[in-house]
Amino acid sequence: MPETSSELASNVRLAPYTTLRVGGPARTFQEVTTDAEFISSVVGADDRGSPVLLIAGGSNLVIGDEGFPGLTVHVVTRGVDLEPTDAPDGVQVLARVAAGENWDHFVAQMVSDGYSGIETLSGIPGSVGATPVQNVGAYGNEVAEVIESVEVFDRHTRETKLLAAADCGFGYRSSIFKKDPTRWLILAVTFRLAQRADSVPIRYAELAKNLGIAPGDSTKPIQVRRAVLNVRRHKGMVLDIDDHDSWSAGSFFTNPIVAPDVAASLPGDAPRWPTDDGQVKLSAAWLIEQAGFSRGWSIRPDAPASLSHKHTLAITNRGQASADDVVAVARSVRDGVEARFGIDDTFAAVHVNLSRALI
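Residues numbered from 1 in each chain as written. Predicted model: local features only at pLDDT ≥ 70, side-chain atom pairs only at ≥ 80, totals over all residues. Heavy atoms only, no water.

Trainee: Got a minute to help me understand the packing of helix H2 (residues 103–112) against helix H5 (residues 221–234) in this structure?
Mentor: A pair of packed helices is characterised by two quantities: the angle between their axes and the separation of those axes. Look at H2 against H5: their axes get within 9 Å of each other, and the N-to-C directions meet at 150°. Relative to H5, the element H2 is oriented roughly antiparallel. Residue-level contacts link Asp104, Val107, Ala108 and Val111 of H2 to Pro221, Ile222 and Arg225 of H5. Among the residues forming the contact of H2 with H5, the class breakdown is five nonpolar, no polar and two charged. (Axes fitted to C-alpha atoms, helices over the stretch in contact; angles between N-to-C directions. Helix = DSSP H or I, 4+ residues; strand = E, 2+ residues; numbered from the N terminus. Parallel < 35°, antiparallel > 145°, perpendicular 65-115°, else oblique. Contact = heavy atoms within 4.5 Å. Nonpolar A, V, L, I, M, F, W, Y, C, P; charged D, E, K, R; others polar.)

As structure tokens, this is what we get:
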């Protein structure tokens, strides 16, 4: 590790900076604590023609065993600034949060202070700056619903910009930041939250049942947070150093969105949900399990990487896995789903920075 945030280090092992705990060394490594350092570091690398890898929470990233041949920038910027504002339906707050802040720490703070809007997104590992990239969502809510704006640095024009939520191209696990990952540096995100006693409506049936309410009803935000954490912990989705089922990148596979005729070709009991654009969203977990991949599945009994023993959407590091081990599981699952159902786009949730392709 560099002694100060402005110093460069060489051959820093990157595995400890990711929740999967796999990955080789960075050729050069720099930790940045301010927006100015962040921008200067990346611009300098761009001017040198050096590739850049950004890491904050490292919760949605697989780094190859060969490491990264350019500059790895570890973003640890800090700051939460609250600006109360009146609204027709009560007091709201605009919360500007630095990109390097821990997401769940921010959620906990807001819920504790009596604000509602992000309580169903409790327990998600990673940084605040990562949440707009794939429009993080859980239990019927997406972060796009509460994002007011995103402060960015445009590496093409070399300008700092403030993008309104409508300009971010949010979709299901998607945004302009995900579609063009080498262009944008996310510096901060501003959220609009409401100060109220009631949570957001609970749309997810499993969570509503856990809370003892009907889908669509509300309860106290702190109760929602506790229930979400319990559900996620049961599924191995809350990081625990002693639980290898939580050594993962979260849900590795996304729910595919397909044409209606593709959805109609599936068995009648296949879960499906219509989307606003006339497509159909399918359940990745159902597809994976029906293709023959059960919880805890691995390529061989002693393999160091496997599907989670608690649910089939996560690939876990059993303690000594390499990136190649993780990718081998992912590739097998993807190919198995394609062979069984002809669907090959369940493989998009996690950013994979590898020297060799996944296909």
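Trainee: Help me understand the layout of surface pockets in this model?
Mentor: Once rolled over the atoms, a probe with the size of a water molecule shows which space is left empty. Considered as a void within the structure, the second largest pocket measures approximately 470 Å³ in volume. Lining the second largest pocket are 24 residues, with Gly57, Asn102, Pro125, Gly126 and Leu239 sitting closest to its centre. Broken down by secondary-structure element, the contributors of at least two residues to the lining of the second largest pocket are strand S5 (68–75) and H2. The residue makeup of the lining of the second largest pocket, split by class, is ten nonpolar, ten polar and four charged. (1 Å grid on protein atoms, 1.4 Å probe; cavity = no way out; pocket = protein on both sides within 12 Å on 5 of 7 lines; lining within 4 Å. Points joined across faces, edges and corners; volume = space filled by probe spheres on them.)

Trainee: What's the story with helix H1 (residues 35–48) in this structure? I'm lost.
Mentor: Three or four residues apart is the spacing at which side chains of an α-helix point the same way, because the helix has 3.6 residues per turn. Taking 1.5 Å per residue, 14 residues should reach 20 Å; H1 reaches 20 Å between its end C-alpha atoms and fits that length. Phe38, Ile39, Ser41, Val42, Val43, Gly44 and Ala45 are the residues of H1 that are buried. Of the surrounding secondary structure, the elements contacted by the buried residues of H1 are strand S2 (25–32), strand S3 (52–55), S5, strand S11 (147–154), strand S12 (159–164) and strand S13 (184–195). (Expected span 1.5 Å × (residues − 1). Buried < 20%, exposed > 50% of the residue type's maximum accessible area, 1.4 Å probe, protein only.)

Trainee: Please explain the nonpolar core as it appears in this structure.
Mentor: What tends to happen in soluble globular proteins is that the nonpolar side chains get buried as a cluster. Core analysis: the biggest nonpolar cluster contains 37 residues, and Trp103, Phe106, Ile118, Val150, Phe177, Phe191 and Leu193 have the highest contact counts within it. Mapped by element, the contributors of at least two residues to this core are strand S7 (90–98), H2, S11, S13, helix H4 (205–211) and H5. Apart from the residues within four sequence positions on either side, Ile118 is in contact with Trp103, Phe106, Val107, Met110, Val146 and Leu193. Core analysis: the second largest hydrophobic core is formed by 31 residues, Ala263, Trp286, Ala330 and Val337 among them. (Core = buried A, V, L, I, M, F, W, Y, C linked by side-chain atoms within 4.5 Å.)

Trainee: What is the right way to look at the sheet that holds strand S16 (residues 280–282) in this model?
Mentor: The pairing of strands in a sheet comes from backbone hydrogen bonds and takes either a parallel or an antiparallel form. Across the sheet, which stays open at both edges, the three strands sit in the order S14-S16-S15 with antiparallel pairing between neighbours. Single-partner strands in this sheet number two, and they are strand S14 (257–258) and strand S15 (272–274). In the sheet, S15 pairs with S16 via three bridges, with the strands oriented antiparallel. For Arg272, the partnering residue across the bridge sits in S16 and is Leu282. (Pairing = 2+ DSSP bridges.)

Trainee: For this particular structure, what's the right way to read the pattern of salt bridges?
Mentor: If charged atoms from side chains of opposite charge come close, those side chains can pair. In this structure the tally under the stated criterion is twelve salt bridges. With a closest N to O distance of 3.7 Å, Arg96 and Asp35 form a salt bridge. Taken as a pair, Arg96 in strand S7 and Asp35 in helix H1 lie far apart in primary sequence, 61 residues in all. Judged by relative accessible area, Arg96 falls into the partly exposed class, the value being 27%. (Salt bridge = Lys/Arg side-chain N within 4 Å of Asp/Glu carboxyl O.)

Trainee: What exactly am I supposed to notice about the confidence of the model for the protein chain here?
Mentor: Low-pLDDT portions of the prediction should not be read for the details of their coordinates. In this model, the protein chain carries a mean pLDDT of 90, and residues with pLDDT of at least 70 account for 93%. This stretch, residues 350–359, has a pLDDT under 50; its non-local contacts, to residues over four places away or in other chains, come to 32 contacts. (pLDDT = per-residue confidence, 0-100.)

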